[in-house]
Amino acid sequence: MLKWQRLSVAFLLVQGNQAFGIVDRLVYGEWEGKPGDKLTQSLNLLAIVLSFALLARGLRRIRTIRRGAIFLLIITGFLACSFAWSINPQTTVRESFLDLVATVGWIGIATTIDPDEYLKLAARMTFLAAVASLMLLVVSPSSAIAVGQDSMDFRGIFSQKNVLGEAMAIGAIAQLHCLSIRKKGRVFEGFCLALTMVVALMSKSATSCLVIFVCCVAHIVIAPIRRGGAARVLGVAVLACIIPAVVVGAAFPDSILELLGKDPTLTGRTEIWAYVINDISMKPLLGWGYEAFWGGNNPAAIEISDAVHWTVPQAHNGLLEMLLQVGFVGSVLYLALLVRMIWLSIRCMRSYWAPLGVTTLLGCVAVILTGVSEAVLLAPFEASTGLFVVTGLFCERALHTAGRRQRRLYSAIHPNEILQPAQVESGL
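What you see is a predicted model; the values in this text were computed from it and never measured.

Undergrad: Honestly, the packing of helix α8 (residues 161–181) against helix α16 (residues 354–370) in this entry has me stumped. Any pointers?
TA: Where α8 contacts α16, the axes come no closer than 10 Å and their chain directions differ by 165°. Our classification of the angle between α8 and α16 gives roughly antiparallel. Note that α8 runs across α16; the crossing there is right-handed. Contact residues: α8 offers Ile173, Leu176, His177, Ser180 and Ile181, while α16 offers Pro355, Leu356, Thr359, Leu362, Gly363 and Ala366. Looking at the contact of α8 with α16 residue by residue, the classes come out as seven nonpolar, four polar and no charged.

Okay, structure coming up:
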């Protein structure tokens, strides 16, 4: 892989983590309703250029992820078409273009870089972001800590604690992958994972800490299940103990949150869901338009903020936000994408690329858990969305490559016979 490709992927990872926000904050300051400045615009322009450059470089391999790429472009096309019924067409057009750029970047990454190299870069960028956040806390505590009305939140070099937590969660998944594929340097990888977990705990982002905990446990449990024998029995037994705990937590969330010292309303998030559901019912099929509901001067959004006495930027629930923005049709597309990625990860786990399949599955788990209290899969360049999509495309590429090798081997052994498609492990 060329050096510029590695640097481009690293830049897009940092841009997705929103770690460059610290530069903007230190140079220009911050205030509510702050518009984009020259630095932000320059970084976005660079991301656009690099995304299309990576796509151009990987066009010769596009057939290996053809179906996944088409699926992503269909979703992007639907988002762009939503300007026709959007209550804020200008915002919808702008944000759908950014979504197209992000999609192009994901496709470019999946066709130009090795999966292990990508996840190693993701782990390293997260580790550096964690170190930089701790250094900022020492050098300039006022910049690393956001002071609210009732709390002081550690945000490090990021814009807020939840963004920091999400970045650490995605980095932890990447570091788990590095631990599973490397025989040497595991001590350093373990140190990186531990530091990432510490920074996530310092952010006090409950969702991100839950994602890291569940993914670590799942990673530990899946390994013996894959090995088989007595180890599989042990893994299944541990899984049997975990599932009831998850069910109890889902059935009695208020009691669990109170036990952990957390607000049962998820810091006021559940208060807005009733209002959001009412607004969804007004435009259930196609929604209010991509990224249009909360922007501008939408009376419905202002009414929600006035009712809960704080400025609401999103529905704080992945499914509700999808239904609100892109309606039932768009939500079905995203849910189909999630199901497809899970299926690809399971198929990959049964092949030579098992570690990649496990990591992709953990990315799907992260999206599902994060979606309980935050919007997911909709924001361009989002860290969790990037890992989720790119690893899924890597799975499709790996299965396509494995299927092609199997056909070549079969043809060499049986030159007069044709291998049927049903006999080949290929992507969906």
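There is more to say after this.
Undergrad: I tried to follow the nonpolar core on my own but got confused; where do I start?
TA: As a rule of thumb, soluble globular proteins bury nonpolar side chains together. In terms of nonpolar packing, the biggest core is built from 93 residues, with Val9, Ile109, Tyr118, Phe158, Met168, Phe388 and Phe394 touching the most fellow members. No other element matches α8, which puts twelve residues into this core. Apart from residues no more than four positions distant in its own chain, Met168 is found in contact with Thr126, Ala129, Ala130, Phe158, Thr196, Val199, Ala200 and Ile212. Judged by nonpolar contacts, the second largest core, of 16 residues, contains Trp273, Trp288, Val312 and Leu320.

Undergrad: Quick question: what am I supposed to make of the confidence of the model for the protein chain here?
TA: The predicted model of the protein chain has a mean per-residue pLDDT of 81, with 79% of residues at 70 or higher. Across the protein chain, element-level confidence peaks in helix α4 (residues 66–81) with a mean pLDDT of 94 and bottoms out in helix α12 (residues 253–259) with 48. Segment residues 250–257: pLDDT under 50, and six contacts once partners within four positions in sequence are set aside and those in other chains are kept.

Undergrad: Would you mind showing me how to read helix α6 (residues 115–139) here?
TA: One turn of an α-helix holds 3.6 residues; hence residues three or four places apart share an orientation. For α6, with 25 residues, the first-to-last C-alpha span of 36 Å sits near the 36 Å given by 1.5 Å per residue. Of the residues flanking the start of α6, the one acting as N-cap is Asp114, its side-chain oxygen 3.0 Å from the backbone nitrogen of Asp116.

Undergrad: Just checking my understanding: could you explain the pattern of salt bridges for this structure?
TA: Opposite charge on two side chains lets them pair, provided their charged atoms get close. Scanning the entire structure with this criterion turns up four salt bridges. Here Glu189 makes a salt bridge to Arg124, at a shortest N to O gap of 2.6 Å. Taken together, the positions of Glu189 in helix α9 (residues 186–203) and Arg124 in helix α6 put the pair 65 residues apart, joining distant regions of the chain. There is no split in this pair, since Glu189 and Arg124 are both buried. Arg340 is the partner of Glu396 in a salt bridge, and the nearest nitrogen-oxygen pair spans 3.3 Å. Of this pair, Glu396 sits in helix α17 (residues 383–413) while Arg340 sits in helix α15 (residues 318–349), and the two are 56 residues apart along the sequence.

Undergrad: Just checking my understanding: could you explain the packing of aromatic side chains for this structure?
TA: Aromatic rings in a pair are described by how distant their centres are and how their planes are angled relative to each other. If you walk through the whole model with that rule in mind, you get eight aromatic pairs. With centroids separated by 5.7 Å and ring planes inclined at 55°, the aromatic side chains of Tyr118 and Phe394 adopt a geometry described as tilted. Highlighted residues: Tyr118 in helix α6 and Phe394 in helix α17, separated in sequence by 276 residues. For Tyr118, a relative accessible area of 3% translates into the label buried. Each ring, one from Phe127 and one from Phe191, has its centre 6.1 Å from the other, and the planes form 65°; the classification is edge-to-face.

Undergrad: Which parts of the structure should I look at to understand a nonpolar patch on the surface?
TA: A cluster of nonpolar side chains, contributed by Leu285, Phe328, Val329 and Val332, occupies part of the molecular surface with about 350 Å² of accessible area. Within the fold, Val332 resides in helix α15. According to the relative accessible area criterion, Val332 is partly exposed, its value standing at 39%.

Undergrad: Explanation requested: the environment of Ala110 in the structure shown.
TA: Within the secondary structure layout, Ala110 lies in helix α5 (residues 89–112). For Ala110 and Gly58, which are 52 residues apart along the polypeptide, the C-alpha to C-alpha distance reads 8.1 Å. Discounting chain neighbours no more than four positions away, the residues touching Ala110 are Ile65, Leu393, Phe394 and Arg397.

What counts, and at which threshold
- Residues numbered from 1 in each chain as written.
- Predicted model: local features only at pLDDT ≥ 70, side-chain atom pairs only at ≥ 80, totals over all residues.
- Heavy atoms only, no water.
- Axes fitted to C-alpha atoms, helices over the stretch in contact; angles between N-to-C directions.
- Helix = DSSP H or I, 4+ residues; strand = E, 2+ residues; numbered from the N terminus.
- Parallel < 35°, antiparallel > 145°, perpendicular 65-115°, else oblique.
- Left-handed = near helix turned anticlockwise from the far one by under 90°.
- Contact = heavy atoms within 4.5 Å.
- Nonpolar A, V, L, I, M, F, W, Y, C, P; charged D, E, K, R; others polar.
- Core = buried A, V, L, I, M, F, W, Y, C linked by side-chain atoms within 4.5 Å.
- Buried < 20%, exposed > 50% of the residue type's maximum accessible area, 1.4 Å probe, protein only.
- pLDDT = per-residue confidence, 0-100.
- Expected span 1.5 Å × (residues − 1).
- Polar contact = N/O pair within 3.5 Å; in protein donor to acceptor, adjacent residues only side chain to side chain.
- Salt bridge = Lys/Arg side-chain N within 4 Å of Asp/Glu carboxyl O.
- Phe/Tyr/Trp six-rings, centres within 6.5 Å; stacked < 30°, edge-to-face > 60°.
- Patch = residues over 30% accessible without salt bridge, like charges linked within 9 Å, V, L, I, M, F, W, Y side chains within 5 Å.
- Areas by Shrake-Rupley, 256 points an atom, 1.4 Å probe, with all protein chains shown as cover.

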